[in-house]
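Next come the chains, spelled out residue by residue.
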Amino acid sequence: MTRKPAKSSKEANEKSNNPKKTNLTIKDLNEKIKSEIEHGSTMKKRTMKLIKDLKEKIKGEEEKYLRLFAEFENYKKRTTKERIDLYKTAGKEVIMSLMPVLEDFKRALNQETGKFDHTEGISLIYNKLSETLKSQGLIEIKTDVGDDFDSEKHEAISQIPAEKKGNKGKIIDVIEGGYSLGDQIIKFPKVVVAQ
C-alpha cells in the first residue's frame, strides 16, 4: 500500500477559503439570511400575537374570578344575616302560643293577696300549658318506677343498693321528668337507680 502524501496546511486553508469549492455562493448566502430574517420576523409576530391573546384570556379569567368571588362574599353575608334573623325569630311562634297561658295565670292570681285562689283554675291552666307545648312538638318521656335503666334515655343522678336482687339495674325513683322534641331528647329524665 502506498500512502498519499499529506497535504500541507497551506493547501488545506486555500481549499476551505475558496468559495467556488463550496456549494453556496454569496448570493445564496444572502438569500438564506434574508429568509431566516423573514422567518424570524414572522415567528416574532406570531409569538407577540400569542402573548397578546394569552394576556387577554388571563385578564378575562381574572375578571370572572373577581365576579365569582364577589358573588360568593355576598352569598355568605346574605346567609349569615338570614341565620341571625332566624335565631331572633325562631322562638316567636312558641312564645306567641304561651302568651294566653301567661294571661290565664294572671287572671287566676288574686290581685290583693298575690296567691292563687282556686286549685281547679290552676289545674285548667296546667292542662292548657301542657296541650300548648304538645302542639309545638314537646313529648313527655314516659318513665315509671320499676322500669329498666337505659343510659340512652335516662340520667342517673344517684345509685342506691338494691333491696332485692331482681331490682338491680331498675329505676326506683323518678326525680324529674324528661322531654323530647320530635325524635330528639332535649331533657333526660333524672332517676335513682338500684345497684
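Keep in mind that this is a model prediction, so the values were computed, not measured.

A separate point is the sheet that holds strand 3 (residues 171-176). Backbone hydrogen bonds hold the strands of a sheet together, and the pairing may be parallel or antiparallel. Across the sheet, which stays open at both edges, the three strands sit in the order 2-6-3 with mixed pairing between neighbours. At either end of the open sheet lies a strand with only one pairing partner, and these are strand 2 (155-160) and strand 3. In this sheet, neighbouring strand axes are inclined to one another by 25° on average, regardless of whether the strands run parallel or antiparallel. Summarising the sheet, strand 3 and strand 6 (residues 190-194) pair through four bridges and their orientation is antiparallel. Each residue of the ladder has a partner; that of I171, found in strand 6, is V193.

Glancing now at helix 3 (residues 92-108). Compared with the 24 Å implied by 1.5 Å per residue over 17 residues, the 25 Å span of helix 3 between its first and last C-alpha is a close match. Along its length, helix 3 reaches its greatest deviation from straightness, about 30°, at L98, and the proline P100 lies no more than four positions downstream. The complete set of buried residues in helix 3 reads S97, V101, D104 and A108. Summarising the contacts, the buried residues of helix 3 are in contact with helix 4 (119-135).

Read across the open sheet, the three strands follow the order 1-4-5; overall the sheet is antiparallel. The open sheet is flanked by strand 1 (138-141) and strand 5 (184-187), the only strands paired with a single partner. Along the sheet, successive strands turn relative to each other by an average axial angle of 40°, direction set aside. Bridge count for strand 4 (residues 178-181) against strand 5 is three bridges, and the pairing is antiparallel. From the neighbouring strand, S180 faces strand 5, where its bridge partner is I185.

Looking now at helix 4. Between its first and last C-alpha, helix 4 extends 24 Å over 17 residues, near the 24 Å set by a 1.5 Å rise per residue. Of the residues flanking the end of helix 4, it is G137, one or two places downstream, whose phi is positive at about 100°.

Moving on, we come to the environment of K187. The residue K187 is located in strand 5 in this model. On the basis of relative accessibility, which here comes to 30%, the residue K187 falls in the partly exposed class. Between the C-alpha atom of K187 and that of E155, which follows or precedes it by 32 residues, the distance is 9.2 Å. With sequence-adjacent residues up to four places away left out, K187 is seen in contact with I141, E176, G177, G178 and Y179.

A contiguous nonpolar patch, built from Y65, L66 and F69 and spanning about 350 Å² of accessible area, is present on the exposed surface. By the element assignment, F69 lies in helix 2 (residues 26-89). By relative accessible area, which is 42% here, F69 ends up partly exposed.

Rules used in this analysis
- Residue positions within a chain follow its written sequence, with the count starting from 1.
- Two thresholds apply to this predicted model, a pLDDT of at least 70 for residue-level local features and 80 or more for giving and counting side-chain atom pairs, whereas whole-chain, interface and lining totals are computed over all residues.
- To get the side-chain values, take all heavy atoms of the structure and skip hydrogens and water.
- Strand pairing is assigned whenever DSSP identifies at least 2 bridges connecting the two strands.
- Only DSSP runs of H or I reaching four residues or more are called helices, and only runs of E reaching two or more are called strands; each is numbered from the N terminus.
- Fitted lines through C-alpha atoms give the axes, limited to the stretch in contact for helices. The angle between two N-to-C directions lies from 0 to 180 degrees.
- Each helix should span, by expectation, one fewer than its residue count multiplied by 1.5 Å.
- What is called the bend at a residue is the angle between a pair of axes, fitted to the seven residues leading up to and ending at it and to the seven starting from it.
- Categorising residues by exposure relies on relative accessible area from a 1.4 Å probe, with only protein chains included: less than 20% of the type maximum marks a residue as buried, more than 50% marks it as exposed, and the intermediate range marks it as partly exposed.
- For this analysis, residues touch if any pair of their heavy atoms sits within 4.5 Å.
- The patch calculation keeps residues exceeding 30% relative accessible area without a salt bridge and links them within 9 Å when they carry like charges or within 5 Å when they are nonpolar (Val, Leu, Ile, Met, Phe, Trp, Tyr).
- Only the protein chains shown count as cover for residues, and the accessible areas themselves come from Shrake-Rupley with a 1.4 Å probe.
- A side-chain nitrogen of Lys or Arg and a carboxyl oxygen of Asp or Glu constitute a salt bridge if their distance falls within 4 Å.

Any functional reading would require information beyond the geometric quantities listed.
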